[in-house]
Amino acid sequence: MPLVLLAVLLLLTACGGGADLPQSTLVPRSDFSADLFGLYKNVFWWALGVFILVEGLLLVAIVRFRARPGRAEPKPVHGHTVLEISWTLAPALILVFIAVPTMRTIFSTAGHAPEGALRVEVIGHQWWWEYRYPTLNISAYNELHIPVRTPIQLDMTSADVIHSFWVPRLGGKRDLIQGRTNRIAFRADSTGEYWGQCAEFCGASHANMRLRVFVQSDSVFQRWVDQQRASPATPAKGSPAEAGQQVYRRSPCIACHTIAGLSQGRVGPDLTHVGSRFTIAGALFPNNAEILHRWIMNAPAMKPGALMTPQSLSPQDLDALIAYLQSLK
Ligand code: CUA
């Protein structure tokens, strides 16, 4: 018994909120997630009250009314009107106290952003995320950048199967379905990096379909927008990046990827600003030379089902290509 209690205690303390829990719903950082957390707490306290009452009565009954030698048979009670009414009414009232806030939360999180919200189109792909900012005329991949304390409207759809967008600290899950648009609206209340995850099984690399949201101050967000709007610098003559650009031009990469001015593939993410991203491959790996090396040589080994076929490049060409990709800020 003490062991069981210890296990329960460990389990409960493991659920405490903290900065080291990047995907905890218990550390809300937006109006949407705060609404959900409030509802969760409401239901939790009602459930705890019911649990204590029921288990308490059970224990009292076990101890007080247990069979003892010499004790007379207890008198059965039949048809106690006051008891009947109260144990019908009390649960009904508790359900009302849970249902009303639940309905209120359903409506408040239905996805209608106020006028002037920043609109982002989210498109789910097997297995990466595309974000289009129609009013800013830019796109992002896997990493969503948004300004803090600004209402955000996500219009979400899928390019293939059903996915589900979920950033626990910013809001609830919502499905992305081909041919229709589902919406999420929220307002992040503090800057930071928030982790998310596709939450609908979508094939071999469902579990590898991660995402990040960068909530930024207005000035940092504006700098990012300006960077994404500008074309990346042309590689200097004779630099490794310039050699890499030549490798890119004659590689099969151009069939599937876009780099502004060079190629227009639509199968994989746009690489025009790939050097400015923190992660690659569905926000699964850090964007560094070592990872890019392994990724280009054998993507499916790192992310099962990845469409990018293993490339055969000489070590020099590979280094040059990576230098070029990293220069695309
Ligand atoms: Cu996309 Cu699971």
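A quick note: this is a predicted structure, and the numbers were derived from the prediction, not measured. Note on numbering: residues in each chain are counted from 1, in written sequence order. Confidence filtering applies because this is a predicted model: local features only for residues at pLDDT of at least 70, side-chain atom pairs given and counted only at 80 or more, and all residues used for totals across whole chains, interfaces and linings. Think of the side-chain values as coming from all heavy atoms in the structure, minus any hydrogens and water.

**Overview of the domain arrangement of the protein**
Interface extent is often summarised as the accessible area lost during association of the parts.
For step 1, the next point in the chain: Boundaries of every domain are those given by an automatic assignment or by a domain database. According to the domain assignment, the protein contains domain 1 (23-68 + 79-227) and domain 2 (240-327).
For step 2, the next point in the chain: Put simply, the middle of domain 1 and the middle of domain 2, counted by C-alpha atoms, are 34 Å apart.
For step 3, the next point in the chain: Residue contacts follow a heavy-atom distance rule, with two residues in contact if any of their heavy atoms lie within 4.5 Å. In this complex, domain 1 contributes 16 residues to the contact, which on the side of domain 2 involves 18 residues.
For step 4, the next point in the chain: Put simply, a salt bridge is a Lys or Arg side-chain nitrogen that is within 4 Å of an Asp or Glu carboxyl oxygen. Where domain 1 touches domain 2, the interface holds 1 salt bridge.
For step 5, the next point in the chain: The partner of Arg266 in a salt bridge is Glu130, with the nearest N and O atoms 3.4 Å apart.
For step 6, the next point in the chain: A run of DSSP states H or I qualifies as a helix once it reaches four residues; a run of E qualifies as a strand once it reaches two. Both are numbered from the N-terminal end. The set of elements that each furnish at least two residues to the side of domain 1 that touches domain 2 consists of strand E2 (128-133) and strand E10 (210-216).
For step 7, the next point in the chain: Here the side of domain 1 that touches domain 2 gets 4 residues from one element, more than from any other, and that element is E10.
For step 8, the next point in the chain: Taken together, the residues that form the side of domain 1 that touches domain 2 break down as 7 nonpolar, 4 polar and 5 charged. Three classes are used: nonpolar for Ala, Val, Leu, Ile, Met, Phe, Trp, Tyr, Cys and Pro, charged for Asp, Glu, Lys and Arg, and polar for all others, with Gly counted as polar.

**A closer look at the side chain of Asn142**
For step 1, the next point in the chain: Mapped onto the elements of the fold, Asn142 is located in the loop between strand E3 (138-141) and strand E4 (143-147).
For step 2, the next point in the chain: A distance of 2.9 Å separates a polar atom in the side chain of Asn142 from the backbone nitrogen of Trp129. As used in this structure description, the phrase polar contact means that two N or O atoms lie within 3.5 Å; if the pair is within protein, one of them must be able to donate a hydrogen and the other to accept it, and residues adjacent in sequence are counted only when both atoms belong to side chains.

**Quick notes on the nonpolar core**
For step 1, the next point in the chain: Joining through side-chain atoms within 4.5 Å is the link that ties buried Ala, Val, Leu, Ile, Met, Phe, Trp, Tyr and Cys residues into a set, and such a set is a nonpolar core. Each residue is assigned to one of three classes by its accessible area relative to the maximum for its type, calculated with a 1.4 Å probe on protein chains only: buried under 20%, partly exposed between the two thresholds, exposed over 50%. Grouped together as the largest cluster of nonpolar side chains are 34 residues, with contacts concentrated most on Tyr131, Tyr133, Leu154 and Phe165.
For step 2, the next point in the chain: Contributing elements (two or more residues each) for this core: strand E1 (118-125), E2, E3, E4, strand E5 (152-158), strand E8 (182-186), E10 and helix H4 (218-229).
For step 3, the next point in the chain: Grouped together as the second largest cluster of nonpolar side chains are 23 residues, Ala281, Leu284, Ala299 and Ala306 included.

**What to know about the pattern of salt bridges**
For step 1, the next point in the chain: Using the criterion set out here, one finds 9 salt bridges in the structure.
For step 2, the next point in the chain: Between Arg119 and Asp155 there is a salt bridge, with its nearest N and O atoms 2.6 Å apart. Remark: Asp155 occurs in strand E5 and Arg119 occurs in strand E1; sequence separation between them is 36 residues.
For step 3, the next point in the chain: Note on Arg119: relative accessible area 32%, which makes it partly exposed.
For step 4, the next point in the chain: Of the charged contacts in the structure, one is a salt bridge between Asp317 and Arg250, with a shortest N-O distance of 3.5 Å. Separated by 67 residues along the polypeptide, Asp317 in helix H8 (residues 315-327) and Arg250 in helix H5 (residues 240-250) bring together distant segments of the chain.
For step 5, the next point in the chain: Its relative accessible area of 23% is what places Asp317 among the partly exposed residues.
For step 6, the next point in the chain: Salt bridges sharing common partners tie together Arg119, Glu121, Asp155 and Arg183.

**Notes on the sheet that holds E5**
For step 1, the next point in the chain: Spatially, E3-E2-E1-E5-E8 is the arrangement adopted by the 5 strands of the open sheet, whose pairing is mixed. In the strand order of this sheet, the two ends are held by E3 and E8, each with one partner. Averaged over all neighbouring strand pairs, the angle between strand axes comes to 25°, with direction disregarded.
For step 2, the next point in the chain: Between any two strands, at least two bridges found by DSSP are needed for them to pair. Here 7 bridges tie E1 to E5, and the two strands are oriented parallel to one another. Each residue of the ladder has a partner; that of Arg119, found in E5, is Gln153. Lines fitted to C-alpha atoms define the axes, with helix axes restricted to the stretch in contact, and inter-axis angles between N-to-C directions lie between 0 and 180 degrees.

**Some details on the packing of aromatic side chains**
For step 1, the next point in the chain: We call Phe, Tyr and Trp rings a pair once their centres come within 6.5 Å, taking the six-membered ring for Trp, and we label the pair stacked below 30 degrees between planes, edge-to-face above 60, and tilted otherwise. Under the criterion given, the structure shown has 11 aromatic pairs.
For step 2, the next point in the chain: Taking 5.5 Å as the distance between ring centres and 90° as the angle between the ring planes, the aromatic pair formed by Trp129 and Phe165 counts as edge-to-face. Here Trp129 is found in strand E2, whereas its partner Phe165 is found in strand E6 (residues 163-165), with 36 residues between them in sequence. Of the two residues examined, Trp129 and Phe165, each falls in the buried class.

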